[in-house]
Amino acid sequence: FNILLLLFLILFSFGAYSQAIAGGDSIGQKIRDLKDENSLLEAELRLASQGESYIILDLRTESDSVPVRINLKNRGIVLREFDVEKIRYRRTKGLAIEPIPLVKKMAFFPPKRKEIRPHKPEDGADTISELDFLELKDMPSNYTLSFGKGLLISITDQPKGLISRFIHLISSILIHIRYSLTIVWNHLWKNEFAIIEIMMGKEDAQSLYWSLEEGMSIVIMERHPYDTV
């Protein structure tokens, strides 16, 4: 009887210990989540106090039912949400939850401002030509955003049609090889580098390009390894 009682106590203690460990992991995760949320609030408060627009990209919301959205905000108010069709995130080191400024917008065919010349009397009597301003359709839908801290965000539009899909497939393969080699290179040299490849609708991609200005900041919330989707 004493031996059976001893075995029972040992098994009970192991069960209690494993539950304590599980509870400790759950508490640790909640603590990490609270720290990240506080860091996000502090970063956004800093940006909101400046009165300038900024971008919030929360990768923790990624799932099949709830896609990732890019939020354009000003003073804490969401000005516009950009839906993301697909996203791929690779990095050498984790990104700190802090504002990262946009350094440059890069595109193969960037929009060019058109020169507006004043009307001269000798050109005609009262000929008033229609002014040609830049519009949303003039914005590129495939481009790269270069931020500080070694962060690159590649934006591509959703291809439509057989030919455009084939071109997009070839382009995606080449871009994937290029960024993979860049990741390996920076990892070997222990440089801080991250690349986020985003596919979105054409109009959303064009609107995002039009909305962003150099110097505007982005705050990214990473999805931790212990998170489940």
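Residues numbered from 1 in each chain as written. Predicted model: local features only at pLDDT ≥ 70, side-chain atom pairs only at ≥ 80, totals over all residues. Heavy atoms only, no water.

We now examine the packing of aromatic side chains. In this structure the tally under the stated criterion is 2 aromatic pairs. Centroid distance Tyr-143 to Tyr-209: 4.8 Å. Interplanar angle 70°. Geometry classified as edge-to-face. Separated by 66 residues along the polypeptide, Tyr-143 in strand β6 (residues 143-147) and Tyr-209 in helix α3 (residues 202-211) bring together distant segments of the chain. Each member of the pair Tyr-143 and Tyr-209 is classed as buried. Ring geometry for Trp-185 against Trp-189: centres 5.7 Å apart, planes inclined by 50°, an arrangement best described as tilted. Residue classification places Trp-185 among the exposed positions, given a relative accessible area of 52%. We note Lys-105 situated over the ring of Tyr-209; from NZ or CZ to the ring centre the distance is 4.1 Å. (Phe/Tyr/Trp six-rings, centres within 6.5 Å; stacked < 30°, edge-to-face > 60°. Helix = DSSP H or I, 4+ residues; strand = E, 2+ residues; numbered from the N terminus. Buried < 20%, exposed > 50% of the residue type's maximum accessible area, 1.4 Å probe, protein only. Lys NZ or Arg CZ within 6 Å of the ring centre and 35° of its normal.)

Within strand β8 (residues 194-200), 7 of the 7 residues are buried, which leaves it mostly tucked inside the rest of the structure. Covered by surrounding structure in β8 are Ala-194, Ile-196, Ile-198 and Met-200 together with Ile-195, Glu-197 and Met-199, the residues of both alternating faces. As judged from the 6 bridges shared by strand β4 (residues 86-91) and β8, these two strands associate in the antiparallel manner. Across the sheet, the residue bridging to Arg-88 is Glu-197, located in β8. Pairing analysis gives 7 bridges linking strand β7 (residues 151-157) to β8, with the strands arranged parallel. Residue pairing in the sheet places Leu-152 in a bridge with Ile-195 of β8. Following the chain from β7 across helix α2 (residues 162-188) to the adjacent parallel β8, one finds a crossover that is right-handed. (Pairing = 2+ DSSP bridges. Right-handed = clockwise from strand over helix to strand, strands pointing away.)

Let us look at the side chain of Glu-222. Within the secondary structure layout, Glu-222 lies in the segment after β9 (217-221). Overall, the relative accessible area of 12% leaves Glu-222 in the buried class. Here Arg-91 takes part through its side chain, which lies 3.0 Å from a polar atom of the side chain of Glu-222. There is a polar contact of 3.1 Å between the side chain of Glu-222 and the backbone nitrogen of Leu-95. Contacts of Glu-222, omitting those with residues within four sequence positions, involve Leu-59, Arg-60, Tyr-89, Arg-91, Lys-93, Gly-94 and Leu-95. (Polar contact = N/O pair within 3.5 Å; in protein donor to acceptor, adjacent residues only side chain to side chain. Contact = heavy atoms within 4.5 Å.)

A word on a nonpolar patch on the surface. Where nonpolar side chains cluster on the molecular surface, the patch consists of Leu-162, Ile-163, Phe-166, Ile-167, Leu-169, Ile-170, Ile-173, Leu-174, Ile-177 and Leu-181 and spans about 1,100 Å² of accessible area. Residue placement: Phe-166 occurs in helix α2. Looking at Phe-166, the relative accessible area reads 53%, which means it is exposed. (Patch = residues over 30% accessible without salt bridge, like charges linked within 9 Å, V, L, I, M, F, W, Y side chains within 5 Å. Areas by Shrake-Rupley, 256 points an atom, 1.4 Å probe, with all protein chains shown as cover. Salt bridge = Lys/Arg side-chain N within 4 Å of Asp/Glu carboxyl O.)

A few words now on the pattern of salt bridges. Any two side chains of opposite charge can pair if their charged atoms end up close together. Applying the stated rule across the entire model yields 11 salt bridges. Across the pair Lys-73 and Glu-44 runs a salt bridge, and its minimum N-O distance is 2.5 Å. Residue Lys-73 is located in strand β2 (residues 69-74), and its partner Glu-44 is located in helix α1 (residues 2-48); the two are separated by 29 residues in the primary sequence. By the burial criterion, Lys-73 is buried, and Glu-44 matches it. Notably, a salt bridge pairs Asp-138 with Lys-137, separated by 3.5 Å at the nearest N-O pair. For Lys-137, a relative accessible area of 60% corresponds to the exposed category. A cluster of three or more residues bridged by salt bridges with shared partners is formed by Glu-37, Asp-58 and Arg-60.

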